[in-house]
Amino acid sequence: MHYKSFLFDLDGVLTDTQRFHNLAWQRLAQELGLRFTQQDSEALKGVSRQRALEILLERNHRENDFTAAQREELTDRKNGYYREYLELLRPADVLPGIVPFLHAAQARGILLAVASSSRNASAVLEKLQLTELFDYVADAAKIRRPKPDPEIFLNCAHALALSPAECLGFEDAQAGVEAIHAAGMRAVGIHVAVTTQAPDYPLSSTSELETLWAQDL
Ligand code: BG6
Ligand code: MG
């Protein structure tokens, strides 16, 4: 293993909060009379709250129907629903295999970081009691260009004083895999519904993470 750091996406990788994001968008879409299919939900995965709303409106041909103030109300409303669902989150909701994998990485001296587009990332990590395991958590509020732009992954590499090639990214979203590759890093994909770029190490679930140790990464 030549990697010195693992950079983790949060929603859909460390825990299944992506389903809460989906429920919140679905609820908002219903209120607005918008279509929200499985494909729509894939398209929203991994991108910022504002960009997700734009995509949802574009896919419904409603992109010209809302002012900036109305859009802000809509993203706030969606976030309110999401925060309601977060109340249900417990440490037992960390996905299978994650905690042993993080401990094994630490034992090998690998630095751990979180590269999540979510402004709720710190609150989610706290609820899961994972905060202490990470050396760095990127602040989504300070990232100017959302995934698939590489900015957040490069921000993590910079904070850890490592080169991109020394970092391995973990993602469940297509936009995230693209961001990792654009940063010049390799990607582990967790159940990625591939439409454009395939991850370098595709896994079907977090339970398979331990198989990475046997590979010559
Ligand atoms: C990503 C999720 O991690 O965070 C997206 O995959 C979400 O679905 C994005 O839109 C932004 O999250 P938040 O919590 O800031 O609205
Ligand atoms: Mg994700």
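Everything discussed here concerns the structure shown above.
Conventions used here
- Residues numbered from 1 in each chain as written.
- Chains lettered and ligands numbered in written order.
- Predicted model: local features only at pLDDT ≥ 70, side-chain atom pairs only at ≥ 80, totals over all residues.
- Heavy atoms only, no water.
- Near = heavy atom within 4 Å.
- Polar contact = N/O pair within 3.5 Å; in protein donor to acceptor, adjacent residues only side chain to side chain.
- Areas by Shrake-Rupley, 256 points an atom, 1.4 Å probe, with all protein chains shown as cover.
- Nonpolar A, V, L, I, M, F, W, Y, C, P; charged D, E, K, R; others polar.
- Helix = DSSP H or I, 4+ residues; strand = E, 2+ residues; numbered from the N terminus.
- Buried < 20%, exposed > 50% of the residue type's maximum accessible area, 1.4 Å probe, protein only.
- Lys, Arg positive; Asp, Glu negative; His and termini not counted.
- Salt bridge = Lys/Arg side-chain N within 4 Å of Asp/Glu carboxyl O.
- Contact = heavy atoms within 4.5 Å.
- Donors = N, O, S within 2.8 Å, 3.2 Å for Na, K, Ca; no water.

Quick notes on the site of ligand 1
In the vicinity of ligand 1, 14 residues are found, and the nearest of them are D11, Q18, R49, S118 and N120. Here an oxygen atom of ligand 1 and a side-chain polar atom of R49 are 2.7 Å apart. Protein burial of ligand 1: of its 390 Å² of free accessible surface, 99% is covered by the chains. Within the shell around ligand 1, the residues separate by chemical class into two nonpolar, seven polar and five charged.

Some details on the side chain of D11
Tracing the backbone through its elements, the reader meets D11 in the loop between β1 (5–8) and α1 (18–32). Here D11 is buried and forms no salt bridge, its nearest opposite-charge partner K78 lying at an N-O distance of 7.5 Å. Reaching out from D11, the side chain makes a polar contact with the side chain of H21 at a distance of 3.1 Å. A distance of 3.4 Å separates polar atoms of two side chains, one belonging to D11 and the other to Y82. D11 has contacts with T17, Q18, H21, Y82, S116, S118 and D172, leaving out every residue within four places of it along the chain.

Let's talk about the coordination of the magnesium ion (ligand 2)
Only D9 (OD), D11 (O) and D172 (OD) from the protein reach the magnesium ion (ligand 2) as donors, at distances of 2.0 to 2.2 Å. Read N to C, the donor residues that coordinate the magnesium ion (ligand 2) are spaced as D-x1-D-x160-D. For D9, a relative accessible area of 5% gives the class buried.

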